[in-house]
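Listed below are the residues making up each chain.
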Amino acid sequence: NAGVTQTPKFRVLKTGQSMTLLCAQDMNHEYMYWYRQDPGMGLRLIHYSVGEGTTAKGEVPDGYNVSRLKKQNFLLGLESAAPSQTSVYFCASGGNQPQHFGDGTRLSIL
Amino acid sequence: EDKVVQSPLSLVVHEGDTVTLNCSYEVTNFRSLLWYKQEKKAPTFLFMLTSSGIEKKSGRLSSILDKKELFSILNITATQTGDSAIYLCAVDRWLGTYKYIFGTGTRLKVLA
């Protein structure tokens, strides 16, 4: 009964490094989302997907890329990490039902 | 511009107190309003409200929506230390897809 699983849970990067955050859901949801959560800012949508093979930009997409090659997986990439991308990242899945969230990835960019 | 505003930003109460958290919104194509509880990790779903005046209840928690005045409240009665969390309000909009806009949250601390 995993729900939404995110890996890794923590990561420290140096400015300019790249990495990929992984999200997997086992609820057969069509929609998947990536958010970032910063103090005083709430959850802000980075990118989302309405189904396998589709992606779309959210409120704060700059500096990130995503891919949804399989329905159950949604990947978030940082090509060249910047200190402003230090945040907690949450993946969610849903659509025509309440979104279900993963436990988050805490990412620090030095 | 669509927005969701929660108040207060933070709140400290003692066990047994009753609290009311507020969420007001200005959005296009309103579909539903949702409440989530966030402890240390993932936000967990509490309520989804779509119709005005119909109270949703789960144990000591209850919520109601006013679509005319564009707000919702979340009530917690007889608070316990386990209620300490950030409470997030989100509004779902139908814009051809399902996308939420979140408020900044209310941080509740319940003291023993």
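As a reminder, the structure under discussion sits directly above these lines.
Residues numbered from 1 in each chain as written. Chains lettered and ligands numbered in written order. Predicted model: local features only at pLDDT ≥ 70, side-chain atom pairs only at ≥ 80, totals over all residues. Heavy atoms only, no water.

Student: Is there a simple way to think about the overall build of chain B in this case?
Tutor: Looking only at helices and strands, one finds 0 helices and 11 strands in chain B. Counting from the amino terminus, helix and strand elements in chain B follow one another as β-β-β-β-β-β-β-β-β-β-β. Along the three orthogonal principal directions, the C-alpha set of chain B runs to about 45 × 30 × 20 Å. The proportion of buried residues among the 112 residues of chain B is 46%. (Helix = DSSP H or I, 4+ residues; strand = E, 2+ residues; numbered from the N terminus. Buried < 20%, exposed > 50% of the residue type's maximum accessible area, 1.4 Å probe, protein only.)

Student: Looking at this structure, how should I read the packing of aromatic side chains?
Tutor: How two aromatic rings sit relative to each other is set out by the distance from centre to centre and by the angle between their planes. Enumeration over the complete set of coordinates arrives at 14 aromatic pairs over all chains. Ring centres of Tyr 31 of chain A and Tyr 98 of chain B lie 5.3 Å apart, and the angle between their planes is 70 degrees; this geometry places the pair in the edge-to-face category. Taken together, the residues span two chains, with Tyr 31 of chain A in strand E4 (residues 31-38) and Tyr 98 of chain B in strand E10 (residues 98-102). Per residue, the accessibility class of Tyr 31 of chain A equals that of Tyr 98 of chain B, and both read buried. Each residue in the set Tyr 31, Tyr 33, Tyr 35, Tyr 48 and Phe 101 of chain A together with Tyr 36, Phe 45, Trp 94, Tyr 98, Tyr 100 and Phe 102 of chain B is aromatic and connected to the rest through ring pairs, giving one cluster. (Phe/Tyr/Trp six-rings, centres within 6.5 Å; stacked < 30°, edge-to-face > 60°.)

Student: Teacher, can you tell me more about the interface of chain B and chain A here?
Tutor: Bring the parts together and some accessible area is lost; that lost area is often taken as the interface size. Listed by partner, the interface residues are 18 residues for chain B and 20 residues for chain A. Both sides together, the interface formed by chain B and chain A hides about 1,600 Å², and carbon and sulfur atoms give 59% of it. Ranking the residues of chain B by area buried against chain A places Tyr 98, Tyr 100 and Phe 102 of chain B at the top, with a combined share of 33%. Counting across the interface, chain B meets chain A through 0 salt bridges. Summed over the shared surface of chain B and chain A, the result is 5 residue pairs in polar contact (both at pLDDT 80 or more). Among the elements of the structure, strand E4 (30-38), strand E5 (43-49) and E10 of chain B are those that each provide at least two residues to the side of chain B that touches chain A. (Contact = heavy atoms within 4.5 Å. Buried area = accessible area lost by both parts, 1.4 Å probe. Salt bridge = Lys/Arg side-chain N within 4 Å of Asp/Glu carboxyl O. Polar contact = N/O pair within 3.5 Å; in protein donor to acceptor, adjacent residues only side chain to side chain.)

Student: I would appreciate a short explanation of the state of the cysteines in the present structure.
Tutor: The term disulfide refers to a covalent linkage connecting the sulfur atoms of a pair of cysteines. Applying the stated rule across the entire model yields 2 disulfides over all chains. The residue that forms a disulfide with Cys 23 of chain A is Cys 91 of chain A, at a sulfur-sulfur distance of 1.9 Å. For the disulfide bridge between Cys 23 of chain A and Cys 91 of chain A, the dihedral angle about the S-S bond is near -75 degrees, and by the sign convention the bridge is left-handed. Within this pair, whereas Cys 23 of chain A is found in strand E3 (residues 19-25), its partner Cys 91 of chain A is found in strand E9 (residues 87-95), the two being separated by 68 residues in sequence. The burial state of Cys 23 of chain A is the same as that of Cys 91 of chain A; both residues are buried. The residue that forms a disulfide with Cys 23 of chain B is Cys 89 of chain B, at a sulfur-sulfur distance of 1.9 Å. Given an S-S torsion of about -70 degrees, the disulfide between Cys 23 of chain B and Cys 89 of chain B has left-handed geometry. (Disulfide = S-S within 2.5 Å.)

Student: Is there a simple way to think about the sheet that holds strand E1 (residues 3-7) of chain B in this case?
Tutor: Each strand in a sheet pairs with another by means of backbone hydrogen bonds, the pair being arranged parallel or else antiparallel. All names here are of chain B. The strand order across the open sheet formed by 5 strands is E1-E3-E8-E7-E6, and the pairing between neighbours is antiparallel. Bordering the open sheet on either side are E1 and strand E6 (56-58), each of which pairs with just one other strand. On average, each strand axis in the sheet is inclined to that of its neighbour by 15 degrees, with strand direction left out of account. As paired elements, E6 and strand E7 (residues 61-66) share 3 bridges and run antiparallel to each other. Opposite Lys 56, over in E7, you have Ser 63 as the bridge partner. (Pairing = 2+ DSSP bridges. Axes fitted to C-alpha atoms, helices over the stretch in contact; angles between N-to-C directions.)

Student: I would appreciate a short explanation of the nonpolar core in the present structure.
Tutor: Core analysis: the largest hydrophobic core is formed by 22 residues, its most contacted members being Val 4, Tyr 25, Leu 33, Trp 35, Tyr 87, Val 91 and Leu 108 of chain B. With 19 residues, the next largest nonpolar core counts Tyr 31, Tyr 48, Phe 90 and Phe 101 of chain A among its residues. (Core = buried A, V, L, I, M, F, W, Y, C linked by side-chain atoms within 4.5 Å.)

On their own, these measurements won't tell you what the molecule is for.
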